[in-house]
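Each chain, letter by letter, is given below.
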Amino acid sequence: KDLKPYGLSNLCGVKIFPKRSQSGTQIRAIVLASDGLWDVCTSSQAARIVQICVRLGSRDPAAELVKFALQEQQSRGVAADNVSVIVVVPPSK
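The structure presented is a predicted model; accordingly, all values stated were derived computationally and were not measured. (Residues numbered from 1 in each chain as written. Predicted model: local features only at pLDDT ≥ 70, side-chain atom pairs only at ≥ 80, totals over all residues. Heavy atoms only, no water.)

Visitor: I keep staring at the environment of R59 and nothing clicks. Help me out?
Guide: Within the element layout of this structure, R59 appears in the loop between helix 2 (43-56) and helix 3 (61-76). With residues near it in sequence (within four places) discarded, R59 still touches C53 and E64. (Helix = DSSP H or I, 4+ residues; strand = E, 2+ residues; numbered from the N terminus. Contact = heavy atoms within 4.5 Å.)

This is how it looks when you write it as structure tokens:
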């Protein structure tokens, strides 16, 4: 079945990012997520959740973002959307 009309494609997109942002600060984390997260969470909220998890060291940032998204979906009364999240935290120097 052709899923392109629904925004799905079997062609992958590859993008290379520098280790430092345009302002020169080191990248602390990368969040790859489906629209199930981004529909209910801003990038600032996601960054704050990841930062807290990394600082505490006892929580999985990806799991916490999924939990946040599901709670937000429920509190807004919207139909639950699939939520997939991967968080990459590069080792600090």
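Visitor: Whenever I open this one, the layout of surface pockets confuses me. Can you help?
Guide: To locate leftover empty space, one rolls a probe as large as a water molecule over the atoms. Roughly 720 Å³ of internal volume is contained in the largest pocket. Of all elements in the fold, only strand 1 (30-33) and helix 2 reach the threshold of two or more residues within the lining of the largest pocket. It is helix 2 that provides the largest number of residues to the lining of the largest pocket, a total of 8 residues. Considered class by class, the residues forming the lining of the largest pocket number 16 nonpolar, 4 polar and 3 charged. Lining the second largest pocket, in full, are F17, P18, K19, Q26, I27, I30, V88, P90 and P91. Considering only residue class, the lining of the second largest pocket consists of 7 nonpolar, 1 polar and 1 charged. (1 Å grid on protein atoms, 1.4 Å probe; cavity = no way out; pocket = protein on both sides within 12 Å on 5 of 7 lines; lining within 4 Å. Points joined across faces, edges and corners; volume = space filled by probe spheres on them. Nonpolar A, V, L, I, M, F, W, Y, C, P; charged D, E, K, R; others polar.)

Visitor: Can you walk me through the nonpolar core in this structure?
Guide: Inside soluble globular proteins, nonpolar side chains tend to come together where they are buried. Of all hydrophobic cores here, the largest spans 14 residues; its most connected members are L37, L65, V85 and V87. Those elements that place two or more of their residues in this core are helix 2, helix 3 and strand 2 (85-88). (Core = buried A, V, L, I, M, F, W, Y, C linked by side-chain atoms within 4.5 Å. Buried < 20%, exposed > 50% of the residue type's maximum accessible area, 1.4 Å probe, protein only.)

Visitor: Before we go on, may I ask you to explain helix 3 in this structure?
Guide: Along an α-helix, a turn takes 3.6 residues, which lines up residues three or four apart on a common side. The terminal C-alpha atoms of helix 3, which comprises 16 residues, lie 22 Å apart, in line with the 22 Å expected from a rise of 1.5 Å per residue. Within the span of helix 3, buried status applies to P61, A62, L65, F68, A69 and Q73. Along helix 3, the residues classed as buried sweep out an arc of 130° about the axis, all on the same side. Of the residues in helix 3, the exposed ones pointing more than 90 degrees away from the buried face are Q74 and S75. (Expected span 1.5 Å × (residues − 1). Arc of directions from axis to C-beta.)

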